[in-house]
Amino acid sequence: SLLAPRSGPAFVAHGGAAVIAVAVAASGWQGLSPRRRRSARLVLGGVALAVVVVGLAGVMAGFRARSGAEDGIDALRAARTSATNGDIHAAVAGFREAERAFRRAGEPLTGYGRLARAVPGLSQQVGAARVAVDAAAEAATALREAGASLHLNDISLQQGAVDLAVLAGAEGPLSVAVDALVDTVRRLAGVDRDGLLPPLRDALDDALDEARAAATTAERAHRSVQELPALLGGERPTRFLILFTSPVEARNRFGFPGAYAVLRFDAGRLSLERSGPINDLDAPVIDAAAVAVPGRVVPYVDYGAARSWRSIT
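Rules and cut-offs
- Residues numbered from 1 in each chain as written.
- Predicted model: local features only at pLDDT ≥ 70, side-chain atom pairs only at ≥ 80, totals over all residues.
- Heavy atoms only, no water.
- Helix = DSSP H or I, 4+ residues; strand = E, 2+ residues; numbered from the N terminus.
- Buried < 20%, exposed > 50% of the residue type's maximum accessible area, 1.4 Å probe, protein only.
- Contact = heavy atoms within 4.5 Å.
- Areas by Shrake-Rupley, 256 points an atom, 1.4 Å probe, with all protein chains shown as cover.
- Axes fitted to C-alpha atoms, helices over the stretch in contact; angles between N-to-C directions.
- Parallel < 35°, antiparallel > 145°, perpendicular 65-115°, else oblique.
- Left-handed = near helix turned anticlockwise from the far one by under 90°.
- Nonpolar A, V, L, I, M, F, W, Y, C, P; charged D, E, K, R; others polar.
- Core = buried A, V, L, I, M, F, W, Y, C linked by side-chain atoms within 4.5 Å.
- Expected span 1.5 Å × (residues − 1).
- Bend = angle between axes of the 7 residues up to and from the residue.
- Pairing = 2+ DSSP bridges.
- Phe/Tyr/Trp six-rings, centres within 6.5 Å; stacked < 30°, edge-to-face > 60°.
- Salt bridge = Lys/Arg side-chain N within 4 Å of Asp/Glu carboxyl O.

### Here's the deal with the overall build of the chain
A tally of helices and strands in the chain yields 7 helices and 3 strands. Counted from the first residue to the last, the chain has its helices and strands arranged as α-α-α-α-α-α-α-β-β-β. Counting all 313 residues of the chain, 29% fall into the buried class. Taking all contacts inside the chain whose residues are at least 6 apart in sequence as the whole, residues at least 24 apart take part in 59%. Surface exposure of the chain reaches about 19600 Å², of which carbon and sulfur atoms provide 59%.

Written out as structure tokens, the structure is:
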């Protein structure tokens, strides 16, 4: 597999160098005396044996690392499902298990697997795998610590109010998670894929896609925590107009508004400021002659479509 043909400048350069090296070695071999040939055979045999031993060490390290990495991926997926369902405790446990699995996967790569770094071709495979498991382990650690610091159960409407201090407290852990995932994306994207075996290259690409998706989700959650206090009256009271529509009058998408309510948030506390029938909001008088009526609305002009703001839907 390592010698499988590859297209591109890198393969041409390596292939050309290999041909030249073989030609030079063959020419030199012809000029050696019988005694020196025997010595050269011993040296070459020793080198070949060392390469085989080191290669076997690399293969064994790869198999052990793969087992741990697969366990880590399964744990991460379970943790992501738990987090999506709002079960932070289970998500934290999943991230902890993923962290342990990836650390376990990295042990053979940093132990006897390091011998494989001396073998051209195999060295790149081991190096790429090590970067991947190390990055995944560090990301799992950051996510575990961030999840343990989040108290989502407290970020809810309790006794008519949202605790903005608890909401603000989630910004730090989420920021740490974002930084960790962005760094994971950077490290995975920085691995040189030229010369990697297809299974490892594909696994790295899949891991990169997962890391990018996770980073995007974490960035959105972080931004939400930053923006929500202002929406909930953290800086000054905010008001939201709620329109209750009737699907029976659904001329377009939302239906005909029949009632309304005005909700007020002040420092996170929710109150109903006013509510009533939609007629309460009919004070503004619209000059129907000044309204540019779209063609699809013309059939409804006789029903007051150009006279009442309620037809905005």
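The structure having been displayed, the exposition proceeds.
### Digging into the packing of helix α6 (residues 171-189) against helix α7 (residues 198-231)
Following both chains from N to C, one finds α6 and α7 inclined at 155°, their axes separated by 8 Å at the closest point. One element, α6, and the other, α7, form an angle in the roughly antiparallel class. Crossing hand, α6 versus α7: left-handed. By residue class, the composition of the contact of α6 with α7 is 16 nonpolar, 4 polar and 3 charged.

### Some thoughts on the nonpolar core
If you look at the biggest cluster of nonpolar residues, it comprises 20 residues, and the most contacted ones within it are L181, L188 and L204. Non-local contacts of L188, meaning those with residues more than four positions away in its chain, are made with A132, R193, L204, A207, L208 and A211. A69, A98, A136 and A137 belong to the second largest nonpolar core, which has 9 residues in total.

### Brief notes about the environment of I242
One can find I242 in strand β1 (residues 238-246). Residue I242 is classed as partly exposed on the basis of its relative accessible area of 30%. Sequence separation between I242 and A259 is 17 residues, and the spatial gap between their C-alpha atoms is 8.5 Å. Apart from residues lying up to four places away in sequence, I242 is in contact with A259, Y260, A261 and L263.

### With respect to unusual backbone geometry
Backbone geometry places Q159, a non-glycine residue, at a positive phi of 55°. Note on placement: Q159 falls in the loop between α4 (122-149) and α5 (164-169). Judged by relative accessible area, which is 78%, Q159 ranks as exposed. One non-glycine residue, A267, lies in positive phi territory at about 55°. Here A267 shows up in the loop between β2 (256-266) and β3 (269-277).

### With respect to α7
Between its terminal C-alpha atoms α7 stretches 49 Å, which fits the 50 Å expected from 34 residues at 1.5 Å a residue. V225 marks the point of greatest bend in α7, at about 25°, and the proline P229 comes within the next four residues. Of all the positions in α7, only L204, L208, A211, A215, A218, H222, V225 and P229 are classed as buried. In the segment just after α7, G233 is the residue with positive phi, at about 80°.

### Points about the pairing of β3
Examined bridge by bridge, β2 and β3 share 8 bridges and lie antiparallel to one another. Residue pairing across strands places R264 opposite S271, the latter belonging to β3. Hairpin connection, β2 to β3: the antiparallel pair is bridged by 2 residues, and A267 has positive phi, about 55°.

### A word on the packing of aromatic side chains
Summed over the entire model, instances satisfying the criterion amount to 1 aromatic pair. Aromatic side chains F240 and F265 sit 6.1 Å apart centroid to centroid with 85° between the ring planes, which places their arrangement in the edge-to-face category. Of this pair, F240 sits in strand β1 while F265 sits in strand β2, and the two are 25 residues apart along the sequence.

### What to know about the pattern of salt bridges
The full count for this structure, using the stated rule, is 8 salt bridges. Residues R144 and E99 are paired through a salt bridge, measuring 2.7 Å at the closest nitrogen-oxygen approach. Of the two residues, R144 is situated in helix α4 and E99 in helix α3 (residues 88-110); the sequence distance between them amounts to 45 residues. Judged by its relative accessible area of 15%, E99 falls in the buried class. Between R187 and E138 there is a salt bridge whose closest N-O contact spans 2.5 Å. Of the two residues, R187 is situated in helix α6 and E138 in helix α4; the sequence distance between them amounts to 49 residues.

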